[in-house]
Amino acid sequence: MRRAIGAMILAVSACSSPKPIDRLRGDERTANEAIAQFVARGEAAIPELREGLGDSDPTVRRRARTGLARITGQWGSSDGIVWKRSMSEAVGKDRPILALHLFGKFDEEFC
Amino acid sequence: MTFSDARVVDLVKRNFVPVWESVAPVSVAVFDLGGGRSVRGTMGGEIALYFCRPDGKVFDVLPALHSPHATYWAIQEALAFYRKTGATDEAIAKHHRLRFAQMQAEEAGLPTPSVEKWKRWRKLKTRSTDPGTRALGELSYSKSGFVMDSESIVVIEPGGMQLFKRQVHQALGSAPPKTPEEWKRHVFLDILDQELKGGEFRYDVDTLAPISVIEED
């Protein structure tokens, strides 16, 4: 009986905790924390953030886009190239390097 | 759009280590209209794509933003050169000297009359001693930012491939391989005619000087 109650409590808490993508609906601080967690997960978080791009709330869409841009290194990219941010990160691999020089930052709007 | 184009994305992902570096902040001109009102304009600068060996030395450059189609074929061409030669120091120098000689013989990559006219027009627009008026002139010919339905897009006018490539072949054929950082000033200042500066600039509209609106042929 005690085990069953424990399992029920676990199930209830799992249902009640919001999905990470839902935290993008929260206040600025909550959303920023959620974005930081997505970014820490790296490319694995891309599919979840991509879901946010289809949200009806423009604020959620914008926040999802911010998270995606920080992971991919490119504003507006959801399934494209994942860019490194400096030549020192890119040299020494077994492939040629494509280096883009630009004004502003490629992972921000209006770069 | 170029780096969201499926063909370009696939080609880059399969064959390159992609990296971007900022050369300067974007320029933002703010015109103070008084009464707490202002107009902001974003002046996106030029870009340059460097094709580098894994050690970071450049073997080819594509200055300026071009259409996805033109960019795709420029990347393909650079990749073919790398695969064929390994982009050794000798191969880089030989390739670019040969291309430059070909372009010289064919008189290719020289400024056309329309390019010369555009350069004169640009000089006219930026000749004003008033910085606000110069910024307005720059806004009128730079990449332009628009906002549509809460989404921002940047509109640019691609072009100048041959003109720029001629200068790239001349430079890379006559210098030892360098890193993008070492080529940066030559590419932006000499080839693209683009100063490496940016940031936010505020102007009082009352200080704007009259500019010539009638073009001379």
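Everything quoted here is computed from the prediction, not taken from an experiment. (Residues numbered from 1 in each chain as written. Chains lettered and ligands numbered in written order. Predicted model: local features only at pLDDT ≥ 70, side-chain atom pairs only at ≥ 80, totals over all residues. Heavy atoms only, no water.)

Participant: I'd love a proper account of the overall build of chain B, names of residues and values included.
Facilitator: If you tally the helices and strands in chain B, you get seven helices and eight strands. Residues classed as buried in chain B amount to 43% of the 217 residues present. When the accessible surface of chain B is split by element, carbon and sulfur atoms take 53% of a total near 12100 Å². (Helix = DSSP H or I, 4+ residues; strand = E, 2+ residues; numbered from the N terminus. Buried < 20%, exposed > 50% of the residue type's maximum accessible area, 1.4 Å probe, protein only. Areas by Shrake-Rupley, 256 points an atom, 1.4 Å probe, with all protein chains shown as cover.)

Participant: How would you sum up the interface of chain A and chain B? Please name residues and give values.
Facilitator: Contact residues are listed per partner, giving 35 residues for chain A and 50 residues for chain B. Roughly 3800 Å² of surface becomes buried between chain A and chain B when both sides are summed, with 63% attributable to carbon and sulfur atoms. Along the contact surface separating chain A from chain B lie zero salt bridges. One can count 24 residue pairs in polar contact (both at pLDDT 80 or more) joining chain A with chain B. At the level of elements, helix H4 (58–72), helix H5 (87–90) and strand E1 (97–103) of chain A are the ones that each hand at least two residues to the side of chain A that touches chain B. For the side of chain A that touches chain B, the element with the most residues is E1(A), which contributes seven residues. Per-class residue counts for the side of chain A that touches chain B are 17 nonpolar, seven polar and 11 charged. (Contact = heavy atoms within 4.5 Å. Buried area = accessible area lost by both parts, 1.4 Å probe. Salt bridge = Lys/Arg side-chain N within 4 Å of Asp/Glu carboxyl O. Polar contact = N/O pair within 3.5 Å; in protein donor to acceptor, adjacent residues only side chain to side chain. Nonpolar A, V, L, I, M, F, W, Y, C, P; charged D, E, K, R; others polar.)

Participant: Explain helix H6 (residues 161–172) of chain B residue by residue, including any values.
Facilitator: Here H6(B) spans 16 Å end to end across 12 residues, near enough to the 16 Å set by a 1.5 Å rise per residue. Those residues of H6(B) lying buried are Leu163(B), Phe164(B), Lys165(B), Arg166(B), Val168(B), His169(B), Ala171(B) and Leu172(B). (Expected span 1.5 Å × (residues − 1).)

Participant: A description of the pairing of strand E4 (residues 48–52) of chain B should follow, citing residues and the corresponding values.
Facilitator: Burial analysis of E4(B) places five of its five residues in the buried class, which makes it a mostly covered element. Taken together, the five bridges between E1(A) and E4(B) define a ladder with antiparallel strand orientation. The residue of E4(B) that forms the bridge with Ala99(A) is Tyr50(B). Summarising the sheet, E4(B) and strand E5 (residues 58–63) of chain B pair through five bridges and their orientation is antiparallel. Bridged to Leu49(B) within E5(B) is Leu62(B). In this structure, the hairpin formed by E4(B) and E5(B) is closed by a connection of five residues, where Gly56(B) is found at a positive phi of approximately 90°. (Pairing = 2+ DSSP bridges.)

Participant: Which residues make up the pairing of strand E1 (residues 17–24) of chain B, and what values go with them?
Facilitator: Counting buried residues along E1(B), seven of its eight residues qualify, which places the element largely inside the surrounding structure. Bridge analysis of E1(A) against E1(B) gives seven bridges, and the strand direction is parallel. In the strand pairing of E1(B), Leu102(A) is matched with Ser22(B).

Participant: Please give an account of the packing of aromatic side chains that cites residues and values.
Facilitator: Note on aromatic pairs: each is described by the distance of the centres and the angle between the planes. Evaluated as defined, the whole model comprises nine aromatic pairs over all chains. Here Trp83(A) and Phe106(A) contribute two aromatic rings whose centre-to-centre distance is 5.4 Å and whose plane-to-plane angle is 85°, an arrangement assigned as edge-to-face. One end of the pair, Trp83(A), is in the loop between H4 and H5; the other, Phe106(A), is in the segment after E1, with 23 residues separating them in the sequence. There is no split in this pair, since Trp83(A) and Phe106(A) are both buried. Ring geometry for Phe59(B) and Tyr82(B): centres 5.6 Å apart, planes at 20°, overall stacked. (Phe/Tyr/Trp six-rings, centres within 6.5 Å; stacked < 30°, edge-to-face > 60°.)

Treat this as a map of the structure, not an account of what it does.
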